[in-house]
Amino acid sequence: MSTQLTTTILFLAALAHPGLKAADDILIADFEGADYGGWKVTGEAFGKNPAQGALQGQMAVDGFLGKGFVNSYQGGDDTTGTLVSPEFKVERKFLNFLIGGGGFPGETCINLRSLGKVVRTSTGPNQQPGGSERLDWETWDLSDLMGKTVSLEIIDSRKGTWGHLNVDQIDQSDTPRVMEIRQEFTVNQRYLVWPVSLDTKLKKRFFMTLDGEDKPFTFSDICLTNHPDFWVFTDLANFQGRKITITGKLPGALQEAWKKVAISSTYPGETGIYHEPLRPQYHFTSRRGWLNDPNGLVWKDGNWHLFYQHNPYNHGWDNMTWGHAVSPDLFHWKELPPALFPDAEGSMFSGSAVLAPKGKVGFPVKGESTLVLAYTAHGPNSYLPGIATTQSIASSDDNGKTFRKFAGNPVIPHVRAENRDPKVQWHEATKRWILNLYYDGNDYAIYTSPDLVKWEKTCDYQIPGEGECPDMFELPVDGDAKNTRWVVWGANGKYMLGSFDGRKFTAESGPHRYYFGSAYAGQTYSNAPGGRRVHIGWMRAGGAEMQGAPFNCEMTVPMDFSLKKVGGAIRLWAEPSEEVTKLRESTKEWKNLTVTSDGVDPLADFSGGQFEIEAVVDANSQAAEMGFKIFDQSPAIWKKDDQTFSGAEGVQPPVDGKLHIHVFVDTVSMEAFINGTFVSRYLRQTPGTKPVKIVASGGSVIFESLKIHTLRSVWK
């Protein structure tokens, strides 16, 4: 991150001047000596000599030249100090240098001083845990300082995470290593297209401003490249007729890549969208980029809205944006432009959505109701320093097409720790909104509000062994509206059962869990028609399943939750949502079927990559193991001796002597329901292997009924 205190913009033309020969570079420092030479050292952070690699306790460092470089991690992140150069004369237009480490202005920085004042300053890129110790080139335009005497100071006054700086290879040059870009685009078509690399070391930050405004409306870290692994886009459907200005910095070698960033009516690969080799055919995936947590599940006017955590610009997690899709039936999704972009508040982390009537909100509403998003603004990811993580809201006056952030944000300031993932719903008994918030560890809290603006904390609660992404809902036991329980839920699917009086949740039992495998961070629709409790989860990527695709991760099949009393205890029960039946294309069915391990498998001739299996199995069958194996790699098998099921934890007992097994297979995934328990995993369909085999180990398996359905693509 760099700030030039005298504003200079380098256009692409500045990179080369045909016919002119650049003067030789002037080396200021390469830190290849046994000590710092004429540089003055104070404090302990820089040690007595340049480093020659990562120091004790430090991640691997790369990107420096030669053997030596400045590394203020001497003694760890809590040491401090300065390193000041001798004075030198500015004799070239640019100062180029390598920099990495902490991204804290004034605390982990390199400054250029002239006449006692700081006239240029840069920091490393990192503020949050993780990141990279890589050094990248930075360029300052010094043309206005030509002939003046200046000096450099490298400062480390920061303690804690990323409280250090790495610097190397400082030289004066007439050729910039980094170009500053500032280009205005008139938005007269839908997409701004970008050629990108999967190599995150190429990541550079770009800012977007609208119509000449001073402050950017969003920013993103994009791995621009001359040799794209795939193309991505900024969806500008909601900005037609406006002007967008892109600013940022790029290595000079990416001049040609930048020329490919353009406004377009399409994007490379759009003609084959949803038909790529690894594309799921009935699970939701984003057109391009990464997705994770489903957010803001809300039903309105016959449409199911799915908002989700989204990185539009690459295959992995980053640039947290709220993606948005709608469907009339939970399967046929239409992806819309993003609802929330990262901005000065920070990254747009998880949250929820509600349909709020006009009289129940503390801000003006056009019409009788408005869609409201409650989200976590992760301030530490802001481009501004010192921004905390808070809870905010945004509303829509155009049925979810665009969203306007509340002027009084945040509605809940930073409380403690991570405090994030607000889940909001209306509580009719008390005529108030309730909000569940994750804090840290196993700790959650409940807030209430009359208007979505003024919030009061009313309760703390815990879900042992659980964290993140709360949900909370009331369900009848066995359909009895007079006998209900409240469920508080966390990201891993662990939950507590209890009561809720509008202010306080009181646990009666738990934690329980019937939700396993790749599925994570799921959420339910709080206003689904017919009183249904429809749930969608995120299937976490766990390996190579989608490597090579321009998208990553999928959502689970939608499922309906209920509470049932089984074996004298109340438990959460999951079944696939009824809408899946509309996808069935062809069906084969058997009744009162007995299969032995050495007998004929009735599924042996089945072919296809998208299918559904429904089976009711007699748990008293002779076989020790019974169920299915998918593409010879993914088992959905129940073991009789310990009553366990593939991928699920604990006992999965029969119900009335039966096993109800329901399996869904798509291009890269398998999901199984067994007696209300849900298990999911990714897979790769291996060519030449049978899609499904019946498992009957150690004896025969009696199927009361068996059905296999081929499922049609929702994208055709």
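Cut-offs applied
- Residues numbered from 1 in each chain as written.
- Predicted model: local features only at pLDDT ≥ 70, side-chain atom pairs only at ≥ 80, totals over all residues.
- Heavy atoms only, no water.
- Buried < 20%, exposed > 50% of the residue type's maximum accessible area, 1.4 Å probe, protein only.
- Helix = DSSP H or I, 4+ residues; strand = E, 2+ residues; numbered from the N terminus.
- Pairing = 2+ DSSP bridges.
- Axes fitted to C-alpha atoms, helices over the stretch in contact; angles between N-to-C directions.
- Contact = heavy atoms within 4.5 Å.
- Core = buried A, V, L, I, M, F, W, Y, C linked by side-chain atoms within 4.5 Å.
- Salt bridge = Lys/Arg side-chain N within 4 Å of Asp/Glu carboxyl O.
- Polar contact = N/O pair within 3.5 Å; in protein donor to acceptor, adjacent residues only side chain to side chain.
- pLDDT = per-residue confidence, 0-100.

A. Seen up close, the pairing of strand β14 (residues 191-196). Judged by how many residues are buried, β14 sits mostly within the fold: 6 of 6 residues are covered. Bridging between β14 and strand β19 (residues 262-264) involves 3 bridges; their strand directions are antiparallel. In the strand pairing of β19, Val193 is matched with Ala262. Looking at chain direction, β14 and strand β17 (residues 230-235) are connected through 6 bridges and run antiparallel. The residue bridging Leu192 from the neighbouring strand is Thr234, located in β17.

B. Local environment of the sheet that holds strand β28 (residues 420-427). What the 4 strands build is an open sheet, ordered β28-β29-β30-β31; its pairing is antiparallel. Because the sheet does not close on itself, it has two edges, and the strands there are β28 and β31 (456-462). Each strand of the sheet is rotated relative to its neighbour by a mean of 25°, with strand direction disregarded. As defined by bridge partners, β28 adjoins strand β29 (residues 432-440) across 6 bridges and the pair is classed as antiparallel. Its bridge partner lying in β29, Val424 is registered against Leu435.

C. Just the sheet that holds strand β44 (residues 611-618), in detail. Ordered in space as β36-β50-β49-β48-β44-β52-β43, the 7 strands form an open sheet in which the pairing is mixed. At either end of the open sheet lies a strand with only one pairing partner, and these are β36 (515-517) and β43 (584-595). Adjacent strand axes in the sheet meet at a mean angle of 15° when their direction is disregarded. Bridge analysis of β43 against strand β52 (residues 701-711) gives 10 bridges, and the strand direction is antiparallel. Bridging across to β52, Thr587 finds its partner in His709.

D. Spotlight on the environment of Gln643. Mapped onto the elements, Gln643 comes out in the loop between β46 (634-639) and β47 (644-645). For the pair Gln643 and Pro653, spaced 10 residues apart in the sequence, the C-alpha separation amounts to 5.8 Å. The residues touching Gln643, leaving out its near neighbours within four places in the chain, are Trp638, Gly650, Val651, Gln652, Pro653 and Pro654.

E. Quick look at the nonpolar core. Residues Trp333, Tyr525 and Leu572 are the most contacted members of the largest nonpolar core, which totals 62 residues. No other element matches the 4 residues that strand β38 (residues 534-539) contributes to this core. Of all hydrophobic cores here, the second largest spans 35 residues; its members include Ile613, Ala648, Leu659 and Val663.

F. Local environment of the pattern of salt bridges. This structure, assessed with the given rule, holds 39 salt bridges. Between Glu614 and Arg584 there is a salt bridge, with the nearest N and O atoms lying 3.5 Å from each other. Separated by 30 residues along the polypeptide, Glu614 in strand β44 and Arg584 in strand β43 bring together distant segments of the chain. We classify Glu614 as partly exposed; its relative accessible area is 22%. Because the salt bridges share partners, they merge into one network encompassing Asp62, Arg134, Asp136, Lys201 and Lys204.

G. Region of interest: the side chain of His283. Examined against the element boundaries, His283 turns out to sit in the loop between β19 and β20 (289-300). Of the residues examined, His283 reaches a relative accessible area of 1% and is grouped as buried. Separated by 2.8 Å, the side chains of His283 and Asp666 make a polar contact. Discounting residues that sit within four places of it in the chain, His283 has contacts with Glu554, Met555, Thr556, Val557, Asp666, Ser669, Glu671 and Trp715.

H. Up close: unusual backbone geometry. Pro410 follows Asn409 through a cis peptide bond whose omega is 0°. Secondary-structure assignment places Pro410 in the loop between β27 (404-405) and β28. Following Gly510, the chain continues to Pro511 via a peptide bond in cis, the omega torsion being 5°. Summarising the element assignment, Pro511 is placed in strand β35 (residues 505-513). In this structure, Asp632 takes a positive phi of about 60° despite not being glycine. Note that Asp632 resides in the loop between β45 (625-630) and β46.

I. Focus on the confidence of the model for the chain. Per-residue confidence for the chain gives a mean pLDDT of 94, with 97% of residues at or over 70. Note that residues 1-20 has pLDDT below 50 and, in this model, 43 contacts with residues that lie over four places away or in other chains.

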